[in-house]
Amino acid sequence: MSLRGGAADDLIFYVNGRKVIEKNADPEQMLLSYLRRRLHLTGTKYGCGGGGCGACTVMISTYEPASKKIRHYSANACLLPICSLYGAAVTTVEGVGSTKTRVHPVQERLAKCHGSQCGFCSPGMVMSIYTLLRNYPEPTPEQMITALAGNLCRCTGYRPILDACKTFCKESICCQRKANGKCCCDQENYLFDKEEKVSTRLFSADEFQPLDPTQELIFPPELMRMAENQPKRTLFFHGERMTWISPVSLDELLDMKVAHPKAPLLVGNTSVGPEMKFRGVFHPVVIAPARIPDLNVVKCTEDGLTLGAACSLSVVKDVLTNAISEFPEEKTKVFCAVLQQLRTLGGEQIRNVASLGGNVISRKSASDLNPILAASNCMLSLVSRGKKRQIPLSDIFAEGVGNNTITPEEILVSVHIPHSKKGEYVCAFRQAPRRENALPITNAGMRVLFEEGTDIIKDLSIFYGGAASTTVCAKQTCSALTGRHWNEQMLDEACRLILKEIAIPGSASGEKVDYKKTLIVSFFYRFFLEVLQSLNTMDPCHYPGIPMEYRSVLQDFKTKMPQSIQIYQADIEPNQSPQDPVGRPIMHQSGIKHVTGEAVYIDDLPSVDGELFLAVVTSSRAHAKIVSIDTSEALKVPGVFDIISANDVPATNEFYYSDDPEIVICVGQIVCAVVADSDVHSKQAAAKVKIEYEVLEPVILTIEEAIKHNSFFEPKRKLEQGNVDQAFETVDNIIEGEIHIGGQEHFYMETQSVLAVPKGEDKEMDVYVSTQHPAFIQEMVAASLGVPANRIMCHVKRVGGAFGGKLLKSGLLASVAAVAANKTGKAVRLILSRGDDMLITGGRHPFIGKYKVGFMNDGRIRAVDVKYYINGGCTPDESVLVAAVSLLKMDNAYKIPHLRCWAYACKTNLPSNTAFRGFGFPQSALVTETWITGVADKTGLSPEKIREMNMYKENEQTHFKQKLDPQNLIRCWNECMEKSAYYSRKTAASQFNKQNYWRKKGIAIVPMKFPFGLGSRYLSQAAALVHIYTDGSVLLTHGGIEMGQGIHTKMIQVASRELNIPMSRIHFCETSTTTVPNACASAGSAGTDVNGMAVKDACQTLLNRLQPIINKNPKGTWNEWIKEAFEQSVSLSATGYFRGYNENMDWEKGEGQPFTYFLYGAACSEVEINCLTGDHKNLRTDIVMDIGCSINPAVDIGQIEGAFVQGIGLYTMEELKYSPEGVLYTRGPDQYKIPAVCDIPEQFSVSLLSSSQNPYGIYASKGIGEAGLFLGCFVFFALRDAVRSARNERGLKTSFVPNSPLTAEQIRISCADDFTEMVIESWGRVCSVMSG
Ligand SMILES: Cc1cc2nc3c(=O)[nH]c(=O)nc-3n(C[C@H](O)[C@H](O)[C@H](O)COP(=O)(O)OP(=O)(O)OC[C@H]3O[C@@H](n4cnc5c(N)ncnc54)[C@H](O)[C@@H]3O)c2cc1C
Ligand code: FES
Ligand code: FES
């Protein structure tokens, strides 16, 4: 047999019960693109391509003939090479259920529990839940929540998804909070006692079909036969550039390895895959050893467990879990420690495919297993041709140990994990930017063995990950401490030695050096406490144990299934007909299609004949002149059709960011684009375009640099009221300070997408775009092509999340695609990769707020002078408007008699920042709340007192002289105080803090006023078009875009009420410039308000026309009236129009009515922090919101919760990082962490304020899309409260002004103690930490 193999084998596998025989399987092809492009199964989505988001989750089933067992596991299709699927069965969301066959209970419940908003994450969610249920039909809540750790959702805030999950769990999920005689189950009755009739039911579980495991697709018998009967032989697959070899015996593998020493062994592809995709690594040959029995062995030996290197991490987890239950505790300490790391390593989808050997061998700095396996004396069995050896893993990381490298021809066969011994203690620690599914910042494995019956160290091992480029060993420290007693002196010495020995190199990416150093000593301290406590448990007479107040730090935070309750006013109108859907929690109009994968997004549109794929080439310099562009290599790539540049733009060149097309002004600026016959070819070619630059000065990246260079967009804005300078003269106290607020990436799950299809006549073009603003797309494309707008038809069915990021940015991308389509005469598809999307499109503006606040000793704030600087990036975009809006909304809920505020939009060389949910309010109001807490600190009063005292009162005006009625603000505040039991919980938190030194709780309650309005009338005009067909069915359209906020659902509710027909008779097809021209953007929370008015208007026109017919035959049916109307030649089509709100703002005078009404709210959040690591847990959040009369409480509560969780991301975890040259480092979910299921509060309640009316909104409702985001800052202030408590205890009384996001790093560094001090000085004593 030739080692390269002869002809390629047929790849045989099943997809959704159908056999697939692929004769030309390409090893470079991942399952995701195969499903989507080859099999046209588009339910499985692309969200990141790197295993980090779960949008592409599928279920893989394999049959193991020896055990006769079928294994079902979830996996990320984006990292799964199709060649790895030989003999496997793949189930995608389409195979689970569909509207054409049967909607599966998982799909049904996810949709009916309102678990989908934009729906882009929903198929992935379905697959994770479905796979769990295939293995455990009645899972525990813990299993459920673990199954979802690898799935991100940017819209829902996860609560409704978990509600759907809970319906499958056997155990009752009750808060068990009976202390005050009440629990979550009692709450409903308790609430019903009140005057207003309220409801807590957003869905009815009675309608759900039962889960019947016998209905599931069976494992294909043919694959079983294949596995049992066919002799196993080496398989070869040859692709365009790559060969895949899959041997079946160790002997063959060794031969292959000799023949291809550089070929990686590919098992899960979770290490090699991302390297090939994102870091330009290429392997012409890969060897897949997963079918070799020796590498899959699971053996229980005398002294431990031997696990094959190809065992998946999930298998390892299961084996260890079983072993822990079988062996005595003394023997399983290593197993427990390894398991501890495995629980949070990656998501379930990653653990299901990633191999033990892969994790060990790739020796990444961030490996969670290597430090603990090395510390525990695990042994590696290695083989190569003619050689076998066993080495301790620790040798690999220990300097000075001879023969300690694994040679390229060596294969890791298995890992032996030993039993722990008597007198041995083993622990593993990790701290990551997010508790689950995030690579660690730093981790550690530690083991100590004592001389028998003593606390004298006989053997000590300490290994760290994340500190250097690979796992490192504190070898000298360990030797120095051998023979020492386990006591405080040893601890002191150990920390000192560790800091000296473990060098953490600083790096260009600003790699948290101090934080890592603090963690490495903090981890050792934690180990010290753990061991001390265990010694005490063993022998309380000899070993004193640790003080009570230190004990809680021995427990890590665990993710629990949250308890949640949603309360809204039911039956607002006493005589409302049961058919009238307004005010009722109606499921999203596309809910079922989201969860079955039938909902069509841009990249799901079937390919057009001859279609081309476009990839963009972007600038790698922040400010430079382009000297040359060499496309020669790119043009040689197979399938390349053309290169598109500025010269191809027929008319207005919106292609470039600056007037001079040869100048680039940010990294990520589009320079040119490649069109090719496939996505892969266009990307390969784009990577080969060579651009030479001449760097220009200055390069301005930060706000500080912009201020230095006086680089601003005009106009600058200012508002002033009262006499600020005079007021400062009369106040008791003044504080001054500043706060920095980082930017935020939209991270909509569907990346920017366009399909431009030239129609072939009259220069017409259909442009399908994922946008919030089709009219703008039409305008941009028409301007670029030099054709009238009436030739460009822009279509939007739905958008997979937008949050402001698909307003102006999508116009540029649509123009690029349209120019390419115009030049080539072919349809052009442009789907940005996640990395390109994050690089190119900008996000929320970073802010600096500088404030001076004057106040009286009793807490009354008299004067404020505040300046906001926002980083606008390289083009104006909406930055000046964002700056202006931040001024108008900065007062939040407070009346400041003398106020002066300024806003500057800085012009820098970053990609242009743009609109983002909240539009400046989340930043400027955070600055306000920061100085509010500063005033509290200074006066010694509580922040809530300061807030309450300065809150707007009756008959007051804003700082731009707009009147407001704060009655509902005060109601929200009072209700929130009551519902959250704020004062008693504050007392309990403070009690807890007294009893716990290393864990602190914090609680904060904050009010919110969110003004609604777009500033001028024309921006809020809207139109609708309603057709009634002769069969009585109604086709509705309007100018609003469905991006998850449920606008079409609400519009159908409106039409249903107005026409008095069931919702089922009304259909919404798409938003298009052909049906509703010149529609304003769906932005600023205004979509429902303005389009609702237009839909109502159209329906009323139609009803007026029908009225004479109805009057004549009042008992007739709808169909009879329509038939009659048609016969009487009554037009059954009508447009509706809303002129917009009368809003205005005179910036010269500093006054106006820029807003139509105000939303109000209040929320209380409680958190707990771990002062040693900076980790935190969101314990509880209670939100009360005034949103008028909700049209759809399920949708509105979903908006509040989703925005709140997005706000948690903004204020506590999402960090964008740039190189000093302005290159964005954080270009995917692996580097940029948005909240996951582990981040939502353990108890989560949302109440809609009852009896609230809004005379300006449709049916008295209020626009709710944006307001909730600010609520996330309550977690920020709760964290601040917790940190402050720690600081006070440690004698640090100075006011503490955290920047945003308040990450684990900031928390840890701010909870200053001897460890942080030690890091700063790299020397210090820790004894005081022990003696309190
Ligand atoms: C989204 C995501 C999240 C992740 N999160 C974490 C995390 O939190 N913590 C963590 O520790 N890791 C994490 N990882 C990394 C992951 O655990 C490792 O990449 C994985 O264990 C590697 O296994 P694999 O089978 O996928 O390796 P592959 O990519 O298939 O191969 C990895 C490398 O190891 C070599 N190799 C594999 N097996 C052998 C063998 N038997 N003998 C010799 N060489 C071998 C290969 O030659 C190859 O170079 C994450 C990865 C992803 C994609
Ligand atoms: S697309 Fe596969 S995990 Fe994100
Ligand atoms: S519904 Fe989850 S990402 Fe939109």
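Residues numbered from 1 in each chain as written. Chains lettered and ligands numbered in written order. Predicted model: local features only at pLDDT ≥ 70, side-chain atom pairs only at ≥ 80, totals over all residues. Heavy atoms only, no water.

Novice: Give a detailed account of the overall build of the protein, specifying residues and quantitative values.
Specialist: Secondary structure summary: the protein contains 40 helices and 45 strands in total. Scaling as 2.2 N^0.38, a compact globule of 1332 residues should have a C-alpha radius of gyration of about 34 Å, and the protein matches this with 31 Å. Its C-alpha atoms give the protein principal-axis dimensions of about 95 × 80 × 65 Å. Contacts in the protein between residues at least 24 apart in sequence constitute 78% of all its contacts with a sequence separation of at least 6. Seen as two clouds, the 138 positive and the 144 negative side-chain charges of the protein have centres 1 Å apart. (Helix = DSSP H or I, 4+ residues; strand = E, 2+ residues; numbered from the N terminus. Rg over C-alpha atoms; globule rule 2.2 N^0.38 Å. Contact = heavy atoms within 4.5 Å. Lys, Arg positive; Asp, Glu negative; His and termini not counted. Charge placed at Lys NZ, Arg CZ, Asp CG, Glu CD.)

Novice: Now, about the sheet that holds strand S31 (residues 828-831): what can you tell me, with residues and values included?
Specialist: Pairing within the open sheet is mixed, and its 8 strands lie in the order S22-S24-S20-S31-S28-S29-S30-S39. The strands lining the two open edges of the sheet, one partner per strand, are strand S22 (640-644) and strand S39 (1071-1072). For strand S20 (residues 612-618) and strand S24 (residues 670-676), the ladder comprises 6 bridges, and the chain directions are antiparallel. Residue Phe 613 lies in a different strand from S24, and its bridge partner there is Ala 676. (Pairing = 2+ DSSP bridges.)

Novice: Help me get a handle on the packing of aromatic side chains, residues and values and all.
Specialist: A full pass over the atoms with the stated rule returns 34 aromatic pairs. Between Trp 998 and Phe 1315, the aromatic rings sit 6.2 Å apart at their centres with planes inclined by 35°, giving tilted as the arrangement. A residue pair is termed long-range when its members are at least 10 positions apart, and Trp 998 in the loop between helix H32 (982-995) and strand S35 (999-1012) and Phe 1315 in helix H39 (residues 1314-1321) qualify at 317 residues. The pair formed by Trp 998 and Phe 1315 is uniform in burial state, with each residue classed as buried. Note that Lys 718 overlies the ring of Trp 902, its terminal NZ or CZ placed 4.8 Å from the centroid. Over the face of the ring belonging to Tyr 748 we find Lys 806, whose NZ or CZ atom lies 4.4 Å from the ring centre. (Phe/Tyr/Trp six-rings, centres within 6.5 Å; stacked < 30°, edge-to-face > 60°. Buried < 20%, exposed > 50% of the residue type's maximum accessible area, 1.4 Å probe, protein only. Lys NZ or Arg CZ within 6 Å of the ring centre and 35° of its normal.)

Novice: Can you explain the site of ligand 1? Please cite residues and give values.
Specialist: Inspection of the region around ligand 1 gives 32 residues, with Val 267, Gly 268, Thr 270, Ser 355 and Asp 368 positioned closest. Contact between ligand 1 and Leu 265: an oxygen atom at 2.8 Å from a main-chain N or O atom of the residue. At 2.7 Å from an oxygen atom of ligand 1 is found a main-chain nitrogen or oxygen belonging to Asp 368. Bound to the protein, ligand 1 loses 90% of the 980 Å² it would expose on its own. Listing elements by their share of the shell around ligand 1, those giving two or more residues are helix H14 (356-361) and strand S14 (411-418). Tallied by class, residues from the shell around ligand 1 come to 18 nonpolar, 12 polar and 2 charged. (Near = heavy atom within 4 Å. Polar contact = N/O pair within 3.5 Å; in protein donor to acceptor, adjacent residues only side chain to side chain. Areas by Shrake-Rupley, 256 points an atom, 1.4 Å probe, with all protein chains shown as cover. Nonpolar A, V, L, I, M, F, W, Y, C, P; charged D, E, K, R; others polar.)

Novice: Account for the UniProt feature "binding site: Mo-molybdopterin" (unreviewed entry) in the protein, naming residues and giving values.
Specialist: UniProt records the feature "binding site: Mo-molybdopterin" (unreviewed entry) for Gln 772, Phe 803, Arg 917 and Gly 1084 in the present numbering. These annotated residues cover 313 residues of sequence, but their C-alpha atoms sit close together, with the largest distance between any two at 12.4 Å. With near-sequence residues (within four places) excluded, Gln 772 lies in contact with Ala 802, Phe 803, Gly 804, Gly 805, Lys 806, Leu 807, Ile 1041, Met 1043, Ala 1081 and Ser 1082. Looking at Gln 772, its side chain comes within polar contact range of the main-chain nitrogen of Gly 804, at 3.0 Å. (UniProt positions renumbered as here; feature names shortened; annotations may be inferred.)

Novice: Give a detailed account of the pairing of strand S34 (residues 898-907), specifying residues and quantitative values.
Specialist: Among the 10 residues that make up S34, 8 are buried, leaving the element largely enclosed by the rest of the structure. Taken together, the 7 bridges between strand S26 (residues 712-721) and S34 define a ladder with antiparallel strand orientation. Looking at S34, one finds that Leu 719 is bridged to Cys 901. Taken together, the 10 bridges between strand S33 (residues 861-873) and S34 define a ladder with parallel strand orientation. If you follow Asn 871 over to S34, its bridge partner there is Cys 906.

Novice: Summarise the packing of helix H29 (residues 921-939) against helix H37 (residues 1273-1289); cite the residues concerned and give the values.
Specialist: Their axes nearest at 11 Å, the elements H29 and H37 cross at an angle of 30°. On the basis of their axis angle, the class for H29 and H37 is roughly parallel. Between H29 and H37 lies a crossing whose hand is right-handed. Across from Leu 926, Glu 929, Thr 930, Thr 933 and Asp 937 in H29, the residues of H37 making contact are Cys 1273, Phe 1276, Phe 1277, Arg 1280 and Arg 1284. When grouped by side-chain class, the residues that make up the contact of H29 with H37 number 4 nonpolar, 2 polar and 4 charged. (Axes fitted to C-alpha atoms, helices over the stretch in contact; angles between N-to-C directions. Parallel < 35°, antiparallel > 145°, perpendicular 65-115°, else oblique. Left-handed = near helix turned anticlockwise from the far one by under 90°.)

Novice: Quick one: what's the story with the sheet that holds strand S25 (residues 690-695), residue by residue and with numbers?
Specialist: Spatially, the 3 strands line up as an open sheet ordered S23-S21-S25, and their pairing is antiparallel. Taken across any chain shown, the strands that pair with only one partner, and hence form the sheet edges, are strand S23 (663-664) and S25. As paired elements, strand S21 (residues 624-630) and S23 share 2 bridges and run antiparallel to each other. Bridging across to S23, Ala 624 finds its partner in Val 664.

Novice: Could you give an account of the UniProt feature "active site" (unreviewed entry) in the protein, with specific residues and numbers?
Specialist: Per the UniProt record, "active site" (unreviewed entry) is found at Glu 1266. Inspection of the secondary structure assignment puts Glu 1266 in the loop between strand S45 (1243-1248) and H37. Relative accessible area serves as the criterion here: at 10%, Glu 1266 is assigned to the buried category. The contacts of Glu 1266, once residues within four sequence positions are left out, are Arg 917, Gly 918, Phe 919, Phe 1010, Gly 1084 and Ser 1085. Within the structure, Glu 1266 has its side chain in polar contact with the side chain of Ser 1085 (distance 3.0 Å).

Novice: Give a detailed account of the pattern of salt bridges, specifying residues and quantitative values.
Specialist: According to the stated counting rule, one finds 68 salt bridges in the structure shown. Of the charged contacts in the structure, one is a salt bridge between Lys 759 and Glu 764, with a shortest N-O distance of 3.9 Å. Note on Lys 759: relative accessible area 41%, which makes it partly exposed. Here the residues in one salt-bridge network are Arg 36, Arg 37, Lys 45, Asp 603, Asp 604, Glu 611 and Arg 829, joined through shared partners. (Salt bridge = Lys/Arg side-chain N within 4 Å of Asp/Glu carboxyl O.)

Novice: An account of the nonpolar core is requested, with residue identities and associated values reported.
Specialist: Trp 486, Phe 524 and Trp 931 are the most contacted members of the largest nonpolar core, which has 292 residues in total. For this core, the element with the most residues is helix H19 (residues 513-538), which contributes 13 residues. Core analysis: the next-biggest nonpolar cluster, separate from the first, contains 40 residues, Val 319, Leu 356, Ala 375 and Cys 473 among them. (Core = buried A, V, L, I, M, F, W, Y, C linked by side-chain atoms within 4.5 Å.)

Novice: Run through the environment of Ile 350, naming residues and quoting values.
Specialist: Relative to the helices and strands, Ile 350 resides in helix H13 (residues 348-353). Counting along the chain gives 14 residues from Ile 350 to Lys 364, while the straight-line C-alpha distance between them is 16 Å. Sequence-distant contacts of Ile 350, that is, excluding residues within four places in its chain, are made with Gly 51, Asn 76 and Thr 270.

Novice: Give me the lowdown on the environment of Cys 972, citing residues and values where you can.
Specialist: In this structure, Cys 972 sits in helix H31 (residues 967-979). Given a relative accessible area of 0%, Cys 972 falls into the buried group. Along the primary structure Cys 972 and Leu 1248 are separated by 276 residues, whereas in three dimensions their C-alpha atoms are 9.0 Å apart.

Novice: Tell me what's going on with helix H1 (residues 31-38), and back it up with residues and numbers.
Specialist: For H1, the complete set of buried residues consists of Leu 31, Leu 32, Tyr 34, Leu 35 and Arg 36. Looking at the packing, one finds that the buried side of H1 touches strand S1 (11-15), strand S2 (18-22), strand S3 (57-64) and strand S5 (89-91). Residue His 40 follows H1 closely and has a positive phi angle near 55°.

Novice: For the environment of Ala 1267, give the residues involved together with the corresponding values.
Specialist: Residue placement: Ala 1267 occurs in the loop between S45 and H37. Setting aside residues no more than four positions away along its own chain, Ala 1267 makes contact with Met 1008, Phe 1010, Leu 1159 and Met 1185.

Novice: I'd like to hear about the confidence of the model for the protein, residue by residue, with values.
Specialist: A low pLDDT score tells you not to read the predicted coordinates there in detail. Residue-level pLDDT values for the protein average 94, and 95% of them are 70 or greater. Scored below 50 in pLDDT, residues 175-181 makes 10 contacts in the model with residues more than four places away or belonging to other chains. pLDDT under 50 marks residues 185-193. Its contacts with residues more than four places away, or in other chains, come to 17 contacts. (pLDDT = per-residue confidence, 0-100.)

Novice: I'd like a description of the packing of helix H11 (residues 313-326) against helix H12 (residues 333-344), backed by residues and values.
Specialist: Look at H11 against H12: their axes get within 10 Å of each other, and the N-to-C directions meet at 140°. Put simply, H11 runs oblique to H12. Two packed elements cross with a definite hand, and for H11 against H12 that hand is left-handed. Where H11 approaches H12, its residues Leu 313, Val 316, Lys 317, Leu 320, Thr 321, Ala 323 and Ile 324 are matched on the opposing element by Phe 335, Cys 336, Val 338, Leu 339, Leu 342 and Arg 343. Grouping the constituent residues of the contact of H11 with H12 by class yields 10 nonpolar, 1 polar and 2 charged.

Novice: Can you break down the side chain of Ser 98 residue by residue, with the values?
Specialist: On the secondary structure map, Ser 98 appears in the loop between helix H2 (93-96) and helix H3 (105-112). Filtering out sequence-adjacent residues up to four positions away, Ser 98 remains in contact with Val 103, Gln 107, Thr 596 and Glu 598.

Novice: For the pairing of S20, give the residues involved together with the corresponding values.
Specialist: The element S20 is extensively covered by neighbouring structure, given that 7 of its 7 residues are classed as buried. Here S20 shows two buried faces, one formed by Leu 612, Leu 614, Val 616 and Thr 618 and the other by Phe 613, Ala 615 and Val 617. When S20 meets S31, the two strands line up parallel, connected through 2 bridges. Counted as the bridge partner of Phe 613 is Arg 829 from S31.

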